[in-house]
Amino acid sequence: QVQLVESGGGLVQPGESLRLSCAASGTIFSIIAMGWYRQPPGKERELVATITRGESTNYADFVKGRFTISRDNAKNTVYLQMNSLKPEDSAVYYCNAQDQRGFTIHGYWGKGTQVTVSS
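On a predicted model such as this, the values are computed, not experimentally measured, just so you know.

What counts and what doesn't
Residues numbered from 1 in each chain as written. Predicted model: local features only at pLDDT ≥ 70, side-chain atom pairs only at ≥ 80, totals over all residues. Heavy atoms only, no water. Phe/Tyr/Trp six-rings, centres within 6.5 Å; stacked < 30°, edge-to-face > 60°. Helix = DSSP H or I, 4+ residues; strand = E, 2+ residues; numbered from the N terminus. Buried < 20%, exposed > 50% of the residue type's maximum accessible area, 1.4 Å probe, protein only. Lys NZ or Arg CZ within 6 Å of the ring centre and 35° of its normal. Core = buried A, V, L, I, M, F, W, Y, C linked by side-chain atoms within 4.5 Å. Contact = heavy atoms within 4.5 Å. Disulfide = S-S within 2.5 Å. Pairing = 2+ DSSP bridges.

Trainee: How would you explain the packing of aromatic side chains if you had to name every residue and give the values?
Mentor: Counted by the stated rule, this structure contains 1 aromatic pair. On the numbers, 5.0 Å between centres and 70 degrees between planes, the contact of Tyr37 with Trp109 is edge-to-face. Highlighted residues: Tyr37 in strand β4 (residues 31-39) and Trp109 in strand β10 (residues 104-109), separated in sequence by 72 residues. Given a relative accessible area of 21%, Tyr37 falls into the partly exposed group. A cation over a ring is seen here: Arg45 above Tyr94, with NZ or CZ 3.7 Å from the ring centre. Note that Arg45 overlies the ring of Trp109, its terminal NZ or CZ placed 4.5 Å from the centroid.

Trainee: Run through the nonpolar core, naming residues and quoting values.
Mentor: One finds Leu4, Met34, Trp36, Leu80, Met82 and Tyr93 to be the most contacted residues of the largest nonpolar core, which totals 29 residues. Among the elements of the structure, β1 (2-7), β3 (18-26), β4, β5 (46-52), β7 (67-72), β8 (77-82), β9 (91-101) and β11 (113-117) are those that each provide at least two residues to this core. Leave out the neighbours within four places in its chain, and Met82 touches Glu16, Ser17, Leu18, Leu20, Arg66, Phe67, Tyr93 and Val115.

Trainee: Break down the state of the cysteines for me, with residues and values.
Mentor: Counted under the stated rule, the structure contains 1 disulfide. Two residues share a disulfide in this structure: Cys22 and Cys95, whose sulfurs sit 2.1 Å from each other. Taking the sign of the S-S torsion, about -85 degrees here, the bridge from Cys22 to Cys95 comes out left-handed. Residue Cys22 is found in strand β3, and its partner Cys95 is found in strand β9; the two are separated by 73 residues along the sequence. Each member of the pair, Cys22 as well as Cys95, carries the same accessibility label: buried.

Trainee: Outline the pairing of β9, listing residues and values.
Mentor: Relative to β9, β4 runs antiparallel, the two being bridged by 8 bridges. Looking at β9, one finds that Arg38 is bridged to Tyr93. Relative to β10, β9 runs antiparallel, the two being bridged by 6 bridges. Of the residues in β10, the one forming a bridge with Asp99 is His106. Between the antiparallel neighbours β9 and β10 lie 2 residues, among them Gly102 with a positive phi of about 70 degrees.

Rendered as structure tokens:
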């Protein structure tokens, strides 16, 4: 089992920045990808950004140019630098990790961290 713990959420004003962190622990074989998803109030969970072990990244269109995902493979940690935050970025942000064991890939989720952007 892999445990994911997110941190760094909070309340900020529009235009400000936040940095989210997610650390993986437990019985880890090979985390091939990590990512961030978010769930705004009353809406479904959506992709924000992902990063592979080789550091290939993928972003949702609504965060391109504002958010940056990065990871520290040695620490099994992924980060999300969020700049120029907007009220519509308010959501619970979830960390995801894909752990490969042989030919099987297991997906894990963190419990989420709240981000609120409001003046």
